[in-house]
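Residue-level listing of the chains:
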Amino acid sequence: MKITGIDVVIKFVRWREWLFVRVSTDEGLFGWGEGSTSDRGPAVAAVIRQFTPRLLGRDSSAIELIWRDLYTGWRGGPIVNSAISAIDGALWDLQGKRYGVPVWKLLGGPVRRKIRVYAGGVSRWMDSVADHVEGAIRAQNQGYRGVKVTPFGSPGQRTDVAAIRFAAELVEGIREATGPDFEIHIECAERLTPRLAIEASQALAPSRPVWLEEPIPAENVKAMCALAPRMATPIACGEKLFSRQDYRELLEGQGAAFIQPDLTHAGGITEVRKIAAAAETHYIQVAPHNSGGPISAAMAMQIAAVTPNFQVLETAYPEAELRRRVAGESMEVHDGYMHLSDKPGLGIDDLNLDALDDEADGPEPSYPWRTFIE
């Protein structure tokens, strides 16, 4: 089954772009992949166009060989690896459709059939404790068993003392409103220093959050490894690491209790499976980062299904209904879980891209939290 065409579709959806890749073959089958970034879609599309001549005419089942061919050379980074991720996802989708089986079956069969998810982005752009608590209650009433909130605000929005106090009040409010078993994940978005991260972890510990995500910038892995044993709350990180080589120092240094490879950036299904296996040797759990579109979620579900050390999958709460309209019933969340599809490939027949026609948000998404507030 030879590759005959590669098409890229970019749609700007509310706060970010969704980038889909459609790989066609000479047997009439096609596969979908996703390489969505926050606002670098055109750059990813350019890399995919550069890769295309190297892919046309090749056997679509040679997934490992194609992955290594695309990665070797000037490798790594979010743009190139997002392009590889999208192509890789489409090739796995094609392979499943070729044999009439789900990708999770090709990967060895499921450890679990239900994928536990938490509601990410519940409090996006909210600025009061009451707003965050209301968002968490709303998600809980819809069956989610956990949320992720971003309590530290935009850079410079509050003083250090005020920021930690606000975060503690916010998390305490959610804990009181949702009960002892509801899971609270804290997104720090790299806005803290090691000193403030330690203070924040101690202040939040009484409310028992699951993790503090990316408390400090991800570039200095040694600093993250040094910080981890001093934290009163576990660290989660890894969405900005793009290969098993990138993860090596973090895993060996026990810099996180949870790692968060993103299937649309970290080399797709082929590479993230290897990252998860490496994490298992260090007794570290995998909680894939997943803030993109429906193909991103479908790719992540295949990994979650076959990974023994899987913990929980992120799902972008505000776009839940939109993902369902674009990709169908496989995107539905029931009682806090997404369920594996028995359909071939990634479990999505085709994408209803018409559902995105009203979602265009201009040439590039806007990120108000990036602006430093003096």
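Treat the numbers as computed from the prediction; the structure is a model and nothing was measured. Counting restarts for each chain: residues are numbered from 1 in the order of the written sequence. The predicted nature of this model means local features are confined to residues of pLDDT at least 70 and side-chain atom pairs, given and counted, to a pLDDT of 80 or more, with totals for whole chains, interfaces and linings taken over all residues. Hydrogens and water molecules were not included; the side-chain quantities draw on all heavy atoms of the structure.

**Q** So, the sheet that holds strand β2 (residues 16–25): which residues are in play, and what are the values?
**A** DSSP calls a pair of strands paired once it identifies at least 2 bridges connecting them. Each helix is a run of H or I in the DSSP string that is no shorter than four residues. Each strand is a run of E no shorter than two, and both are numbered from the N terminus. The three strands lie next to each other as β1-β2-β3, forming an open sheet whose pairing is antiparallel. For this open sheet the edge positions go to β1 (3–13) and β3 (30–34), each flanked by a neighbour on one side alone. On average, adjacent strands in this sheet sit at an angle of 20° to one another, irrespective of strand direction. Alignment of β2 against β3, held across five bridges, turns out to be antiparallel. Counterpart to Arg 22 in the pairing with β3 is Trp 32. Contacts are assigned to residue pairs with any non-hydrogen atoms lying within 4.5 Å of each other. Axis lines are fitted to C-alpha atoms, over the contacting stretch for helices. Their N-to-C directions set the angle, which ranges from 0 to 180 degrees. Sheet strands in contact with helix α1 (residues 41–55) are β1 and β2, and its direction is about 175° off that of β1.

**Q** I'd love a proper account of unusual backbone geometry, names of residues and values included.
**A** With phi around 50°, Gln 254 is a residue other than glycine that occupies positive phi space. Phi at Tyr 283 takes a positive value of approximately 60°, unusual for a residue other than glycine. Relative accessibility under 20% of the residue-type maximum defines a buried residue, over 50% an exposed one, and the middle range a partly exposed one, all with a 1.4 Å probe and only protein chains included. Judged by relative accessible area, which is 76%, Tyr 283 ranks as exposed.

**Q** Describe the packing of helix α5 (residues 129–141) against helix α6 (residues 160–178), naming the residues involved and giving the relevant values.
**A** Put simply, α5 and α6 touch, their axes get as near as 9 Å, and they point 35° apart. For the element pair α5 and α6, the recorded crossing hand is right-handed. Where α5 abuts α6, its residues Val 129, His 132, Val 133, Ala 136, Ile 137 and Gln 140 lie against Phe 166, Glu 169, Leu 170, Gly 173, Ile 174, Ala 177 and Thr 178. Amino acids outside the nonpolar list (Ala, Val, Leu, Ile, Met, Phe, Trp, Tyr, Cys, Pro) and the charged list (Asp, Glu, Lys, Arg) are all regarded as polar, and Gly is one of them. Residue composition of the contact of α5 with α6, grouped by class: eight nonpolar, four polar and one charged. Handedness of a helix crossing follows the sense of rotation of the near helix relative to the far helix, less than a right angle counterclockwise being left-handed and clockwise being right-handed.

**Q** So what about the nonpolar core? Which residues, and what values?
**A** What is meant by a nonpolar core is a set of buried Ala, Val, Leu, Ile, Met, Phe, Trp, Tyr and Cys residues, joined one to another through side-chain atoms within 4.5 Å. In terms of nonpolar packing, the biggest core is built from 112 residues, with Phe 51, Ile 186, Leu 250, Ile 259, Ile 269 and Leu 351 touching the most fellow members. Examining the composition of this core, we find that ten residues originate from one element, helix α11 (residues 294–306), more than from any other. Look past the residues within four positions of Leu 250 in its chain and what remains in contact with it is Val 221, Met 224, Cys 225, Cys 237, Leu 241, Gly 255, Ala 256 and Ile 259. Within the second largest apolar cluster, seven residues are counted, among which are Tyr 118, Trp 211, Ala 287 and Val 312.

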